[in-house]
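An overview of the molecular structure
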Amino acid sequence: MNFQTFTLLKLAGTGERKIHPVLAPVIAFSFLFFGGLGIFFLILFPLPVSPLMQSVWFHLELIVSFSGTALFTFAWVRLVEKRPVSSIGFTKERALKKYITGWMWGFLLISAPVFLLWITGFLTFEITEIHPPVLLILLLSLIAFIIQGATEEIVVRGWLFPVMAMRAPFWIAVSTSFLFFAAMHLLNDGINVISFLNISLFGLFAVGHVLNEGSLWGICAIHSVWNWVQGSVYGLAVSGQSLSFPLFHATTHGSEWFHGGPFGIEGSILTSVILGAASWVVWQKSLSG
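Below is a short write-up of the structure. (Residues numbered from 1 in each chain as written. Predicted model: local features only at pLDDT ≥ 70, side-chain atom pairs only at ≥ 80, totals over all residues. Heavy atoms only, no water.)

**Describing the overall build of the protein**
A count of helical and extended segments in the protein gives 10 helices and two strands. Each helix (α) and strand (β) of the protein, taken in turn from the N terminus, gives the series α-α-α-α-β-α-α-α-α-β-α-α. By the compact-globule yardstick of 19 Å for 289 residues, the protein fits well, its C-alpha radius of gyration being 19 Å. Dimensions of the protein, computed from C-alpha atoms along their principal axes, come out at roughly 55 × 45 × 35 Å. Taken over 289 residues, the protein has a buried fraction of 51%. Restricting to contacts in the protein with at least 6 residues of sequence separation, those with at least 24 account for 77%. (Helix = DSSP H or I, 4+ residues; strand = E, 2+ residues; numbered from the N terminus. Rg over C-alpha atoms; globule rule 2.2 N^0.38 Å. Buried < 20%, exposed > 50% of the residue type's maximum accessible area, 1.4 Å probe, protein only. Contact = heavy atoms within 4.5 Å.)

Take a look at the structure:
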């Protein structure tokens, strides 16, 4: 099969400067590192002390650091590789439909293991009393995760994967993509073998999805809603990070193998099953298309 016919790979080849595949992961890391330095701008302001303002501060950190990373990546693509920013996967064709569909699929993907844990008694929920601070944090977290989820897709699936696939064997580009993505979470609280596996599976699913769709719109939406719903709606830890003022407060019961422990539901074996099945479906479609 000629993998170079995939839309995302063809778009990556439109630039004047090609990146050596050995250097690509180093450059991708530099996007995250240098782009995220903007967070230090926030140290000019006094640290908040109230729980509400601490939550606001946390989401502002996400917005500032990941916005910087996205802009740094865009600048590299435009000024160094000399190709349009849209060539990393932001094509105009059916963009809104792909994004809305991605939000629907992202909600179903994260809700499937949550539902299974709830009906089996490994999770119980209590709804939070709705008042203006909760609504404020829900909205702010939505904005933050839209930016955060999209930025990680921009760096890993929009830039790193297709740039490597242009000059390296396809399987190496795919493997580097999902392992790089998983390695980005190695310092998160509570990470273990299962959570590392699940993040790798999400990365594998994401590559298959962008190959099928030919753009980043859908996977950006899936990634964003995956994080936002599990943290700010269901009240679960997001890759080891617990959020304040969620819509529901979740209580876990039983073995951490099932509910994921301090890392959250991304450390659950039920999530492994869901992501494994989703990865199989998208790759069956990619390889048979």
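Read on, since the account is not over.
**Brief notes about the nonpolar core**
By size, the foremost hydrophobic cluster in this structure holds 75 residues, and its most contacted members are L9, W159, F161 and L211. With 14 residues, helix α5 (residues 132-167) is the largest single contributor of residues to this core. Ignoring sequence-local partners within four residues, the contact set of W159 consists of I19, A24, I27, A28, F31, T73, W76, V77, E81, R83 and I154. (Core = buried A, V, L, I, M, F, W, Y, C linked by side-chain atoms within 4.5 Å.)

**A short note on the packing of aromatic side chains**
Inspection of the entire model under this criterion finds 20 aromatic pairs. Relative to W226, the ring of F202 has its centre 5.4 Å away and its plane inclined at 50 degrees; by these criteria the two rings are tilted. Here F202 is found in helix α7 (residues 193-213), whereas its partner W226 is found in helix α8 (residues 217-233), with 24 residues between them in sequence. Of the two residues, F202 and W226, neither departs from the other in class, the shared state being buried. Pairwise contacts between aromatic rings join F29, F31, F33, F34, F72, W76 and W159 into one cluster. Cation over ring: R157 sits above F181, and NZ or CZ is 4.4 Å from the ring centre. (Phe/Tyr/Trp six-rings, centres within 6.5 Å; stacked < 30°, edge-to-face > 60°. Lys NZ or Arg CZ within 6 Å of the ring centre and 35° of its normal.)

**Focus on the packing of helix α2 (residues 24-35) against helix α3 (residues 51-80)**
Between α2 and α3, the least distance of the axes is 7 Å, while the angle of their chain directions is 135 degrees. Compared by their axis directions, α2 and α3 come out oblique. Crossing angle aside, the handedness with which α2 passes α3 is right-handed. Across the interface between the two elements, I27, S30, F31, L32, F34 and G35 of α2 pack against S65, G68, T69, F72, T73 and W76 of α3. Its residues assigned to classes, the contact of α2 with α3 shows six nonpolar, six polar and no charged. (Axes fitted to C-alpha atoms, helices over the stretch in contact; angles between N-to-C directions. Parallel < 35°, antiparallel > 145°, perpendicular 65-115°, else oblique. Left-handed = near helix turned anticlockwise from the far one by under 90°. Nonpolar A, V, L, I, M, F, W, Y, C, P; charged D, E, K, R; others polar.)

**As for the pattern of salt bridges**
For the structure shown, the criterion picks out two salt bridges. Here E81 and R83 are joined by a salt bridge, their closest N and O atoms 2.7 Å apart. Exposure remark for E81: the relative accessible area of 2% places this residue in the buried category. For R83, a relative accessible area of 1% gives the class buried. Notably, a salt bridge pairs E153 with R157, separated by 2.7 Å at the nearest N-O pair. Here the residue E153 and the residue R157 both occupy positions in helix α5, the gap between them amounting to four residues, near one helical turn. Take E153: its relative accessible area is 0%, and that puts it in the buried class. (Salt bridge = Lys/Arg side-chain N within 4 Å of Asp/Glu carboxyl O.)

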